[in-house]
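So the chains spell out like this:
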Amino acid sequence: MLQIKDLKVDVAEKEILHGIDLSVGKGETHVIMGPNGAGKSTLGYAIMGNPRYEVTAGSIMMNDEDVLEMDAAARAKAGIYLSFQNPIEVPGISLSNFIRNALDQKTGTRVKLWDFRKALEKEMKVLNMDASYADRDLNVGFSGGEKKKAEILQMLMLKPQLAILDETDSGLDVDAVHTVSAGVEEFQKNTDGSLIIITHSTRILESLHVDYTHVLVDGRIVETGDGSLVDEINANGFEKYLK
């Protein structure tokens with residue numbers, strides 16, 4: 001579904017990724033782990049099309065389409081979703097209107113309000129979100145945990161082909177991590193979408209099925225394994241990969 005070959009990415013004229021190869025099949029969950037500054041978030045932003053991240057070499061193909069020929073909006077319509085480490089506040093548009101408008105853009109048709117509200121209520125219950133948050137301005141006055149839940153809510157409603165979760169568990173307490181993890185698990189169970197979970201922690205992964213784990217160090221993937229690699233890193237850290 002996603003094929004990345006020899007991807008090199010610059011940020012402010014400094015090369016951060018030094019030739020990434022990554023293949024993601026339909027419905028697979030891939031975990032990208034590594035120490036701070038390894039280039040994990042850079043990979044996510046490059047796939048999504050953030051203009052700060054300049055692809056200088058390599059290719060990104062999705063369903064045999066050249067992703068690098070698309071701007072960020074086109075990539076979103078094609079089914080790529082990126083959650084943010086630090087979601088921004090957007091005054092003037094409610095969480096529910098934001099998601100409904102995004103669905104309209106994705107499908108090209110206006111979603112019926114009753115059907116939308118019913119689906120939104122269902123997914124908010126999965127995330128233990130108070131129903132009142134649907135009518136509040138997007139992320140305005142939300143706690144860190146509620147902002148992250150809102151990101152996962154968007155993913156559950158949009159059902160992207162590829163969801164990239166960038167440090168979704170950072171800054172969350174134990175209860176919030178479990179709730180967000182339950183939302184990701186819901187996505188795994190009820191869609192055929194693929195996941196790239198970027199993290200340097202393992203808390204969000206405890207109840208999830210992981211197909212592949214990749215260790216990213218200094219802009220290169222230095223190790224690839226299955227879900228058991230997460231347990232090894234959890235026990236021993238990244239020290240041997242840094243060497």
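Given the structure is predicted, the values throughout are model-derived calculations rather than measurements.

Participant: Sorry, what's going on with the packing of aromatic side chains here?
Facilitator: For any pair of aromatic rings, the description consists of the separation of the ring centres together with the inter-plane angle of the planes. Evaluated as defined, the whole model comprises 2 aromatic pairs. Considering the side-chain rings of Y45 and Y53, the 5.1 Å spacing of their centres and the 20° angle between planes classify their relative orientation as stacked. Taking the relative accessible area as the measure of exposure, Y53 reaches 14% and is therefore buried. Between Y133 and F142 the ring centres are 4.8 Å apart and the planes differ by 80°, which places this aromatic pair in the edge-to-face class. The pair Y133 / F142 is uniform in exposure class, with both members buried. The cationic tip of R136 hangs over the ring face of Y133; the distance from NZ or CZ to the ring centre is 4.5 Å.

Participant: Looking at this structure, I do not really get the confidence of the model for the protein chain. What am I missing?
Facilitator: Segments scoring low in pLDDT should not have their predicted coordinates read at a detailed level. For the protein chain, per-residue confidence averages 93 on the pLDDT scale, and residues scoring 70 or more make up 100% of the total. Within the protein chain, strand β1 (residues 2-11) carries the highest mean pLDDT (98), whereas helix α8 (residues 239-242) carries the lowest (87).

Participant: Please clarify how the pairing of strand β6 (residues 80-83) should be interpreted in this entry.
Facilitator: Sheet faces and side chains relate simply in a regular strand, where the side chains alternate between the two faces. Burial along β6 is two-sided: the residues I80 and L82 and Y81 and S83 are all buried. Both β6 and strand β9 (residues 162-166) contribute to a ladder of 4 bridges, which runs parallel. Note that in β9 the partner of S83 across the bridge is L165.

Participant: What should I look at first to understand the pairing of strand β3 (residues 29-33) in this one?
Facilitator: With 5 of 5 residues buried, β3 lies mostly within the body of the structure. Side-chain alternation along β3 places T29, V31 and M33 on one buried face and H30 and I32 on a second face that is also buried. As defined by bridge partners, β3 adjoins strand β11 (residues 212-217) across 4 bridges and the pair is classed as parallel. Residue pairing in the sheet places I32 in a bridge with H214 of β11.

Participant: Mind showing me how you'd approach the nonpolar core here?
Facilitator: Soluble globular proteins: nonpolar side chains tend toward being buried together. L153 and I197 are the most contacted members of the largest nonpolar core, which totals 44 residues. Top element by residues in this core is helix α5 (residues 144-158). It accounts for 7 residues. When near neighbours in sequence (up to four residues on either side) are disregarded, I197 contacts T29, H30, V31, I32, L165, V184, I204, L205 and L208. Membership of the second largest hydrophobic core comes to 27 residues, among which are I32, L43, I80 and I198.

Participant: Please clarify how the packing of helix α3 (residues 95-107) against helix α4 (residues 113-126) should be interpreted in this entry.
Facilitator: Angle between the axes and distance between the axes: these two values describe a pair of packed helices. Contact geometry of α3 with α4 gives a least axis separation of 11 Å together with a crossing angle of 115°. Pair α3 / α4 crosses with right-handed handedness. From α3, S96, I99, R100 and L103 reach across to α4, where they touch L113, F116, R117 and L120. Taken together, the residues of the contact of α3 with α4 break down into 5 nonpolar, 1 polar and 2 charged.

Participant: How should the packing of α4 against helix α6 (residues 174-190) be read in this particular structure?
Facilitator: Packing of α4 against α6 brings their axes to within 9 Å, and their N-to-C directions diverge by 130°. Considering their axes alone, α4 and α6 lie oblique with respect to each other. In this structure, α4 contributes K122, E123 and V126 to the contact, and α6 contributes T179, A182, G183 and E186. For the contact of α4 with α6, the class distribution of residues is 2 nonpolar, 2 polar and 3 charged.

Participant: How should I be thinking about the sheet that holds β6 in this particular structure?
Facilitator: Two orientations exist for strands paired in a sheet by backbone hydrogen bonds: parallel and antiparallel. Overall, mixed pairing links the 6 strands, which are arranged β6-β9-β10-β3-β11-β12 in an open sheet. Each of the sheet's edge strands pairs with one partner strand only, and the pair in question is β6 and β12 (220-225). Neighbour to neighbour, the strand axes of the sheet diverge by 20° on average, direction disregarded. Bridging between β9 and strand β10 (residues 194-199) involves 5 bridges; their strand directions are parallel. Among the inter-strand pairings, A163 is bridged to a residue of β10, identified as L195. Of the strands in this sheet, β3, β6, β9, β10 and β11 touch helix α1 (residues 40-48), which is tilted by about 145° from β6. The strands that α6 touches are β3, β9 and β10; relative to β10, the one it contacts most, it runs at about 155°.

Calculation criteria
Chains are numbered independently. Their residues run from 1 in the order of the written sequence. With the structure being a predicted model, the display of local features is reserved for residues of pLDDT at least 70 and the display and counting of side-chain atom pairs for 80 or more, all residues being used for whole-chain, interface and lining totals. Hydrogens and water molecules were not included; the side-chain quantities draw on all heavy atoms of the structure. Stacked, tilted and edge-to-face are the three classes assigned to paired rings of Phe, Tyr and Trp, where Trp is represented by its six-membered ring and a pair needs centres within 6.5 Å; plane angles under 30 degrees give stacked, over 60 edge-to-face, the rest tilted. Partly exposed describes any residue whose relative accessible area lies between the buried limit of under 20% and the exposed limit of over 50%, with all areas from a 1.4 Å probe on protein chains only and scaled to the type maximum. The rule for a charge over a ring is simple: NZ of Lys or CZ of Arg within 6 Å of the ring centre, and within 35 degrees of the ring normal. The score called pLDDT rates the predictor's confidence residue by residue, from a low of 0 to a high of 100. Under the DSSP-based scheme used, a helix requires at least four consecutive residues in state H or I and a strand at least two consecutive residues in state E, with every element numbered from the N terminus. A pair of strands is considered paired only if DSSP assigns at least 2 bridges between the two. As used here, the term nonpolar core means buried Ala, Val, Leu, Ile, Met, Phe, Trp, Tyr and Cys residues forming a set that is joined through side-chain atoms within 4.5 Å. Contacts are residue-level and defined by heavy atoms, with any inter-residue pair within 4.5 Å sufficient. Convention adopted: a line fitted to C-alpha atoms gives each axis, helices being fitted over their contacting stretch, and angles between N-to-C directions are expressed from 0 to 180 degrees. Crossings are classed by handedness, with left-handed meaning an anticlockwise turn of the near helix from the far one by less than a right angle and right-handed meaning a clockwise turn. Only Asp, Glu, Lys and Arg are considered charged, only Ala, Val, Leu, Ile, Met, Phe, Trp, Tyr, Cys and Pro nonpolar, and every remaining residue, Gly among them, polar. Any angle that falls under 35 degrees is termed roughly parallel, while one over 145 is termed roughly antiparallel, one within 65 to 115 roughly perpendicular, and all others oblique.

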